[in-house]
Amino acid sequence: MSAIPVFKPLIEQEEIDAAIKSLEMGWLGMGASVGQFEDALKNYIGCADRHVVAVSTGHAALHLAMMLIELEPGDEVITPSFNNIADFQAILAVGAKPVFCDVLEDTLCIDVSKAEKLISSKTKAVIIMDYDCCTADHDAVAIMAAKYNLRIIHDAAHALGSYYQGKKVGTFSDICMFSFDPVKTITCIDGGALIVKTQEEVTALHEMRLIGMSQPATVMYENQRAWSYDVNRLGFRYHMANLHAAIGLTQLNKMSEITEHRQKACQLYSKLLAGIKEVKTPKSDFSDVTPFLYYIRVPSEHRQPLRDYLKNNGVDTGVHWKPGHWFALLKDVQRGDMAVTDKIGNEILSLPLNSKITNVEVTLICKNITSYFVWAQ
Ligand SMILES: Cc1ncc(COP(=O)(O)O)c(C=O)c1O
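Residues numbered from 1 in each chain as written. Predicted model: local features only at pLDDT ≥ 70, side-chain atom pairs only at ≥ 80, totals over all residues. Heavy atoms only, no water.

Visitor: Requested: an account of the state of the cysteines, with residues and values cited.
Guide: Under the criterion given, the structure shown has zero disulfides. Unpaired in this structure, Cys109 has its nearest cysteine sulfur neighbour in Cys134, at a distance of 5.6 Å. The closest cysteine sulfur to the non-disulfide-bonded Cys366 is located on Cys266, 11 Å from its own sulfur. (Disulfide = S-S within 2.5 Å.)

Right under this line is the structure:
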């Protein structure tokens, strides 16, 4: 039986045509399509007063965000331990120290009251990440950040298209970032973006994403390069390529159908799983988010047997995530009370979700979960 994958990118004829056109154009590096992608993303998010800078991956966006706020070795950045490895590595890459915070049981996003207890004289920033269909308490983080003079890096890799209290994600944070990797809600094959407030930040990011070169983006966005430039700062080869931007542009055009499809699939999941007492579904009706994942929580002793049962019945599952402090590299990272993170790390399970998943597939997956728990009684 062919497996229903956890993730499946939406690659249709439009993406293939866009890729062919881009390859035929012959300007493979950063060029016109990147500028168009940034404009289209800005337009989609509705952040007219902000600036969008496209980069090669979400991890690159996080690393550049850490560089942008000029962290120094020994500075501390508070992040949920229940987060993607990319965030931890970005902190480490600039010589700063991650400090791990717990999450809230209901949203699986940072517990701001616990975060406040972790603040020291070395704390310079806090990462706030919206987990899947849940948005974090951005107002509480903004209050805390203002009180302690902290920068906020909003990891919105899961939250493109979602709203926080009526405000579109990307319109309200200090620094916001997105990922367009192969499995995200929309993909550029690989890609990322930062949303910042000032022209000064844009100039720094433009140079840092281009190994420090001060070539004006306006020239490059005409599929040209400037031959006179200076190198003013440390940088990495983190720019987005035309081919990737061209694919991202076609994906962005589909955001409304992607959102609607994913919302309906998640609503069906929650409805069909509602009767199983061992299964906890997300506390969301999905109406104001574009879900990236559909996660459930099951008692820890059932997670692996359930995964095996589903696998044997043609359903792939994933685990997002193993908490940061469970990894060898990060086991000694300073942290506060991790009661919720340590619990959910053993319970969390991602079910298949993609922008074309059918009701038949969701129903079949839920039937299998139901029969597992009947069988396991
Ligand atoms: C929350 C979060 N942040 C950052 C990233 C990193 O993005 P990328 O894979 O584009 O480097 C991911 C990727 O899965 C993610 O889930």
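There is more to say after this.
Visitor: Explain the site of the ligand to me, using residue names and the numbers behind them.
Guide: Residues in close proximity to the ligand total 17 residues, the closest being Gly58, Asp155, Ser179, Asp181 and Lys184. Between Asn84 and the ligand, the recorded distance is 3.2 Å, taken from a side-chain N or O atom to an oxygen atom. One of the side-chain nitrogen or oxygen atoms of Lys184 is found 2.6 Å away from an oxygen atom of the ligand. Relative to its unbound accessible surface of 380 Å², the ligand loses 88% to contact with the protein. The leading source of residues in the shell around the ligand is helix H3 (residues 58-68), at three residues. When the residues that make up the shell around the ligand are grouped by side-chain class, the tally is five nonpolar, eight polar and four charged. (Near = heavy atom within 4 Å. Polar contact = N/O pair within 3.5 Å; in protein donor to acceptor, adjacent residues only side chain to side chain. Areas by Shrake-Rupley, 256 points an atom, 1.4 Å probe, with all protein chains shown as cover. Helix = DSSP H or I, 4+ residues; strand = E, 2+ residues; numbered from the N terminus. Nonpolar A, V, L, I, M, F, W, Y, C, P; charged D, E, K, R; others polar.)

Visitor: Hey, could you go over the environment of Ser214 for me, with residue numbers and the actual values?
Guide: Turning to its location among the elements, Ser214 is positioned in the loop between helix H7 (199-208) and helix H8 (217-220). Measuring from C-alpha to C-alpha, the distance between Ser214 and Asn232 comes to 7.2 Å, with 18 residues separating the pair along the chain. Contact partners of Ser214, with chain neighbours within four places excluded, come to Glu207, Tyr229, Asp230 and Asn232. Among the polar contacts made by the side chain of Ser214, one reaches the main-chain amide nitrogen of Asp230 at a distance of 2.8 Å. (Contact = heavy atoms within 4.5 Å.)

Visitor: How would you explain the packing of aromatic side chains if you had to name every residue and give the values?
Guide: What the rule picks out here adds up to 16 aromatic pairs. When the ring of Tyr269 is compared with that of Tyr294, the centres are 4.4 Å apart and the planes differ by 15 degrees; the resulting orientation is stacked. Of this pair, Tyr269 sits in helix H10 (residues 255-273) while Tyr294 sits in strand E10 (residues 294-297), placing them 25 residues apart in sequence. The residues Tyr269 and Tyr294 share a single accessibility class, namely buried. Lying over the aromatic face of Tyr44, Lys168 brings its terminal NZ or CZ to 3.8 Å of the ring centre. The positively charged end of Arg225 is found above the aromatic ring belonging to Trp227, 4.1 Å away from the centroid. (Phe/Tyr/Trp six-rings, centres within 6.5 Å; stacked < 30°, edge-to-face > 60°. Buried < 20%, exposed > 50% of the residue type's maximum accessible area, 1.4 Å probe, protein only. Lys NZ or Arg CZ within 6 Å of the ring centre and 35° of its normal.)

Visitor: Tell me about the sheet that holds strand E5 (residues 151-155), residues and numbers included.
Guide: Spatial strand order, E1-E9-E8-E5-E4-E2-E3: seven strands in an open sheet with mixed pairing. Taken across any chain shown, the strands that pair with only one partner, and hence form the sheet edges, are strand E1 (51-55) and strand E3 (97-101). For this sheet the average axis-to-axis angle between neighbouring strands, irrespective of direction, equals 25 degrees. Sheet topology places E5 next to strand E8 (residues 175-179); three bridges connect them, and they run parallel. Across the sheet, residue Ile153 finds its bridge partner in E8, namely Ile175. Where H3 meets the sheet, it contacts E1, strand E4 (123-129), E5, E8 and strand E9 (192-196), and its direction lies at approximately 160 degrees from that of E8. (Pairing = 2+ DSSP bridges. Axes fitted to C-alpha atoms, helices over the stretch in contact; angles between N-to-C directions.)

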